[in-house]
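Each chain is listed here by its residues.
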Amino acid sequence: MVRTLSILLAFALQTSSVGASSDPSDPPPDSAAHAVATTTVPPASPPLVDAESWAVFDQIVSNRLVDRGDLAAGVAVSVDGRLVHVAAYGRRTPVDPIDYTVPTDRFRIASISKLLTAVTVLRLVEAGHIGLDEPVAARIAASLGVSPNDGWSTVTVRQLLSHTGGVPKYRGQFFGGDFTTCEGAAIYGLSNGLDRSPGTAHVYSNLNFCLLGLLIADITGRSYEESVNDLVLRPLGIRGARTVGTYGANISEVVHPSAPGRAYMEALGGAGAWVATPADLVRLVDSLDTTRPGWHPLSAELAALMPIPMAGVSFPDPGQRLYGLGTIVWPDGSWGHTGTVEATHAMVAHRPDGVTWSILVSGETPAETESLRDVFADALAGAGITLTAPLA
């Protein structure tokens, strides 16, 4: 089943579900980690695409995902910073055949959590609480009561954000049950050496962003989740997004069926433990363009660094994807992030033409998360929708 809302109803539902509207003048609470941000007032936004075309778009997306075995999916699309479409497909839970999703339901976003963690870290950099090129392993290790291996002595914030610090992948440990908390993963990783010299190669590792989540908590004196809400989500008007365990979705969250006895969400922490709506992710990405209306978490100078591929390092597949600061950068100039864990495929992308979109899935289709790009493009083409920016 497809549930689609008009743009006005979408905003109304999102506001009612999270408990407060987005107020650009609503700053984060007093905190040692409070950076200056800018606010502008958006003009009225006219409709861009007729409802019939979006209905065709929704049917195509639903056919490609839910009809091929996924439990649920959600989508959000913006043009030039204006949300123009949100929709949800399928069911919240496999045990209730009529518990249909709505566009304000939250899904696991998996590694898109890294984008949220990166924005929070960069707010702390902008506020002067940490340096982008400051070594931080000793500080994180001290907060955990351990001594880091000597190899960690020069690993910087920038290198953690870009996966260029020489940190091993530890994929099997995060998803094989060796780590059941982010703190446990951090203690293990910091106590062992690196795979290579920092600053030489991009090697994607969840440990980098687990460590950054712990760094955020150490700087702010509050939990990682509270800090992200204070510094990024609440000023953006996003309520209800949260970090979760592997089990126990609440009434406004889609279930992601998981095998018993696993704890990968608990281990990922700042690397992959958030749930959010597709519209939340679109709003977050659009907020990084300081020329657009709304509250912006970062200055133009610092936001511009995020989608710039790291220079002077080797990438495993440079023709397929590069990496900036918490962002994947694709050859066509799009940037954003993907997320993949058990029964989860998630993607948010900002295109050079001003279109930002997100699709979140509970299920195992498509086999490769980046194939969601094809699902989105095919649905637009099949519905005859051409999105351009700025809005006409």
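Residues take numbers from 1 onward in each chain, read along the sequence in its written order. Where local features are concerned, this predicted model is filtered to residues with pLDDT of at least 70; where side-chain atom pairs are given and counted, the filter is 80 or more; whole-chain, interface and lining totals use all residues. Values shown for side chains rest on all heavy atoms present in the structure; no hydrogens or waters enter the calculation.

Colleague: Would you mind going over the overall build of the chain with me for this structure?
Modeller: Numbered from the N terminus, helices here are DSSP runs of H or I no shorter than four residues, and strands are runs of E no shorter than two. Scanning the chain for helices and strands turns up 13 helices and eleven strands. The classification of residues rests on relative accessible area computed with a 1.4 Å probe and restricted to protein chains. Under 20% of the type maximum is buried, over 50% is exposed, and intermediate values are partly exposed. Buried residues in the chain amount to 54% of all 392 residues. Within the chain, contacts between residues at least 6 apart in sequence are counted, and of these 70% link residues at least 24 apart. With an accessible surface of roughly 14,900 Å², the chain has 55% of that area assigned to carbon and sulfur atoms. Working rule for contacts: check all heavy atoms of both residues, and any pair within 4.5 Å makes them a contact. Residue burial considers only the protein chains on display, and all accessible areas are found by Shrake-Rupley using a 1.4 Å probe.

Colleague: Help me understand the pairing of strand 2 (residues 72-79), please; the structure alone is not making it clear to me.
Modeller: A regular strand places its side chains on the two faces of the sheet in alternate fashion. Among the eight residues that make up strand 2, eight are buried, leaving the element largely enclosed by the rest of the structure. Burial of strand 2 is two-sided: the residues Ala 72, Gly 74, Ala 76 and Ser 78 facing one way and the residues Ala 73, Val 75, Val 77 and Val 79 facing the other way are all buried. Following DSSP output, two strands are said to pair if at least two bridges run between them. When strand 2 meets strand 3 (residues 82-90), the two strands line up antiparallel, connected through eight bridges. Residue pairing across strands places Gly 74 opposite Ala 88, the latter belonging to strand 3. In textbook terms, the turn of a hairpin is the stretch between consecutive antiparallel strands, and for strand 2 and strand 3 this stretch comprises two residues, one of which, Asp 80, has a positive phi near 55°. With eight bridges connecting them, strand 2 and strand 11 (residues 355-362) associate as antiparallel partners. Bridging across to strand 11, Ala 73 finds its partner in Val 361.

Colleague: Would you mind showing me how to read the sheet that holds strand 4 (residues 107-108) here?
Modeller: Spatial ordering of the open sheet is given by 4-6-5, a layout of three strands whose pairing is antiparallel. Each end of this open sheet is capped by a strand with a single partner; those strands are strand 4 and strand 5 (242-243). Relative to strand 6 (residues 274-276), strand 4 runs antiparallel, the two being bridged by two bridges. Within strand 6, the residue paired with Arg 108 across the bridge is Val 275. Here helix 9 (residues 224-233) sits on the sheet in contact with strand 5 and strand 6, set at roughly 40° to strand 6. Note on method: axes are straight lines fitted to C-alpha atoms, helices fitted across the in-contact stretch only, with angles between N-to-C directions ranging 0 to 180 degrees.

Colleague: I tried to follow helix 9 on my own but got confused; where do I start?
Modeller: Counting along an α-helix, one turn takes 3.6 residues, and residues three or four places apart therefore face a common direction. In terms of burial, helix 9 is largely enclosed, as eight of its ten residues are buried. Along helix 9, the positions that sit buried rather than exposed are Tyr 224, Ser 227, Val 228, Asn 229, Asp 230, Leu 231, Val 232 and Leu 233. Buried residues along helix 9 sit in contact with helix 3 (113-126), helix 8 (206-220), strand 5, strand 6 and helix 11 (278-286).

Colleague: What should I look at first to understand the environment of Gly 69 in this one?
Modeller: With respect to the helices, strands and loops of the structure, Gly 69 is situated in the loop between helix 2 (51-64) and strand 2. On the basis of relative accessibility, which here comes to 61%, the residue Gly 69 falls in the exposed class. Counting along the chain gives 294 residues from Gly 69 to Gly 363, while the straight-line C-alpha distance between them is 7.0 Å.

Colleague: Would you mind going over the packing of aromatic side chains with me for this structure?
Modeller: Aromatic ring pairs are reported here in terms of the distance separating the ring centres and the angle at which the planes meet. Only rings of Phe, Tyr and Trp enter the pairing, Trp through its six-membered ring, and a pair is recorded when the two centres are within 6.5 Å. The plane angle decides the type: under 30 degrees is stacked, over 60 is edge-to-face, the rest tilted. The final tally for this structure, using the stated rule, is ten aromatic pairs. On the basis of an interplanar angle of 80° and a centroid distance of 5.2 Å, the ring pair of Phe 174 and Phe 179 is categorised as edge-to-face. The same class applies to Phe 174 as to Phe 179, namely buried. Their ring planes at 55° and their centres at 5.5 Å tell us that Phe 179 and Tyr 188 sit as a pair that is tilted. An aromatic cluster is built from Trp 54, Phe 57, Trp 357 and Phe 376, whose rings are joined through pairwise contacts. We count a charge as sitting over a ring when the NZ of a lysine or the CZ of an arginine lies within 6 Å of the ring centre and within 35 degrees of the ring normal. The ring of Trp 330 has Arg 373 sitting right over it, with the charged end atom 4.9 Å from the ring centre.

Colleague: It is not clear to me how the pairing of strand 9 (residues 335-341) should be interpreted in this structure. Could you clarify?
Modeller: Of all the seven residues making up strand 9, six are buried; the element is thus mostly covered by neighbouring parts of the structure. Bridge count for strand 8 (residues 328-329) against strand 9 is two bridges, and the pairing is antiparallel. Residue pairing in the sheet places Val 329 in a bridge with Trp 335 of strand 9. Between the antiparallel neighbours strand 8 and strand 9 lie five residues, among them Gly 333 with a positive phi of about 95°.

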